[in-house]
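Listed here are the chains, written in short residue letters.
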Amino acid sequence: MSEVLEGGCLCGAVRFRARAPALRTLVCHCRFCQKMTGSTSYAESMFPMDSVELSGPLSVHEHVSQTSGKAVHVHFCPRCGTTVSLTFQRWPEYRAISRGTFDDPDRVCIGSHIWTESAQTGVILPADTDCFERARATLDGTPIEPTRYPAPVAARSAA
Ligand SMILES: [Zn+2]
Ligand SMILES: [Zn+2]
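Residues numbered from 1 in each chain as written. Chains lettered and ligands numbered in written order. Predicted model: local features only at pLDDT ≥ 70, side-chain atom pairs only at ≥ 80, totals over all residues. Heavy atoms only, no water.

K.L.:
Before we move on, can you summarise the pattern of salt bridges with the specific residues and values?
P.N.:
Applying the stated criterion across every chain yields a total of 5 salt bridges. Asp130 is paired through a salt bridge with Arg148; the nearest N and O atoms lie 2.7 Å apart. Of this pair, Asp130 sits in strand β12 (residues 130-131) while Arg148 sits in the loop between β12 and β13 (153-154), and the two are 18 residues apart along the sequence. Given the relative accessible area of 48%, Arg148 is considered partly exposed. (Salt bridge = Lys/Arg side-chain N within 4 Å of Asp/Glu carboxyl O. Helix = DSSP H or I, 4+ residues; strand = E, 2+ residues; numbered from the N terminus. Buried < 20%, exposed > 50% of the residue type's maximum accessible area, 1.4 Å probe, protein only.)

K.L.:
Describe the coordination of the zinc ion (ligand 2), and please don't skip the residues or the numbers.
P.N.:
Each protein donor to the zinc ion (ligand 2) is listed here as Cys28 (SG), Cys30 (SG) and Cys33 (SG); together their distances run 2.1 to 2.3 Å. Binding-site remark: the zinc ion (ligand 2) is held by donors from one chain whose sequence spacing is C-x1-C-x2-C. Cys33 shares its class with Cys28; the two are buried. (Donors = N, O, S within 2.8 Å, 3.2 Å for Na, K, Ca; no water.)

K.L.:
So what's going on with the coordination of the zinc ion (ligand 1)? Residues and values would help.
P.N.:
Ideal coordination angles are 109.5 degrees for a metal with four donors arranged tetrahedrally and 90 or 180 degrees for a metal with six donors arranged octahedrally. On the protein side, the zinc ion (ligand 1) has Cys9 (SG), Cys11 (SG), Cys77 (SG) and Cys80 (SG) as donor atoms, found 2.3 to 2.4 Å from it. In this structure, the zinc ion (ligand 1) is surrounded by 4 donor atoms whose angles at the metal cover 107 to 114°, and the resulting shape is tetrahedral. For Cys9, a relative accessible area of 9% puts it in the buried group. (Tetrahedral: all angles 85-135°; square planar, octahedral: opposite > 155°, others 65-115°.)

K.L.:
I'd like to hear about the packing of aromatic side chains, residue by residue, with values.
P.N.:
Counted under the stated rule, the structure contains 3 aromatic pairs. Taking 5.5 Å as the distance between ring centres and 70° as the angle between the ring planes, the aromatic pair formed by Phe88 and Trp91 counts as edge-to-face. Classification of Trp91 as partly exposed rests on a relative accessible area of 35%. Members of the aromatic cluster, joined through ring pairs, are Phe16, Phe47 and Phe102. (Phe/Tyr/Trp six-rings, centres within 6.5 Å; stacked < 30°, edge-to-face > 60°.)

K.L.:
Tell me about the sheet that holds strand β9 (residues 94-98), and please be specific about residues and values.
P.N.:
Pairing in this open sheet of 8 strands is mixed, and the strands run β6-β7-β8-β9-β4-β3-β10-β12 from one edge to the other. Strands at the two margins of the open sheet, each flanked by one partner only, are β6 (59-64) and β12. Sheet topology note: the strand β8 (residues 83-88)/β9 ladder contains 3 bridges and is antiparallel. Considered in β9, the bridge of Leu86 is made with Ala96. (Pairing = 2+ DSSP bridges.)

K.L.:
Before we move on, can you summarise the sheet that holds strand β1 (residues 5-8) with the specific residues and values?
P.N.:
Here we have 3 strands laid out as an open sheet, ordered β1-β2-β5, and antiparallel in their pairing. The sheet is open, and its two edges are formed by β1 and β5 (52-55), each paired on a single side. Adjacent strand axes in the sheet meet at a mean angle of 15° when their direction is disregarded. By the bridge criterion, 4 bridges tie β1 to strand β2 (residues 15-18) in an arrangement that is antiparallel. Bridging across to β2, Gly7 finds its partner in Phe16. (Axes fitted to C-alpha atoms, helices over the stretch in contact; angles between N-to-C directions.)

Printed below as a string of structure tokens:
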């Protein structure tokens, strides 16, 4: 089976091909991701920067993180507004692809939920999945121990 993952925006003007498997796929419940998507959270797959080819018009919005002081770049289709990808000043070697933009989103699998402390009411965290109240690591890169719940739990009562 081909490892190539393809996808694109809502209108089809932007397309991408990822030639390597996703390093990880996660759901972020931070307020930036809530605003960016206009929804409860953002599901993203991380890839090595040089393994993803993008084609078509892309506009960029720069957002400076209040937590790290580093910029996040939101790459979106100027025609239909779909957020296709994020890049990070803090992790220049990685590119995030929005899970919903894959032609087949089920070819990637969610491995963790992050920033659960700001999850909206009504959001349920799954059982046996790595959950982090904030990021997966401290600002100096030290990994943080995840919490795994034995049964699904409401995010706002999990802490
Ligand atoms: Zn589009
Ligand atoms: Zn986020």
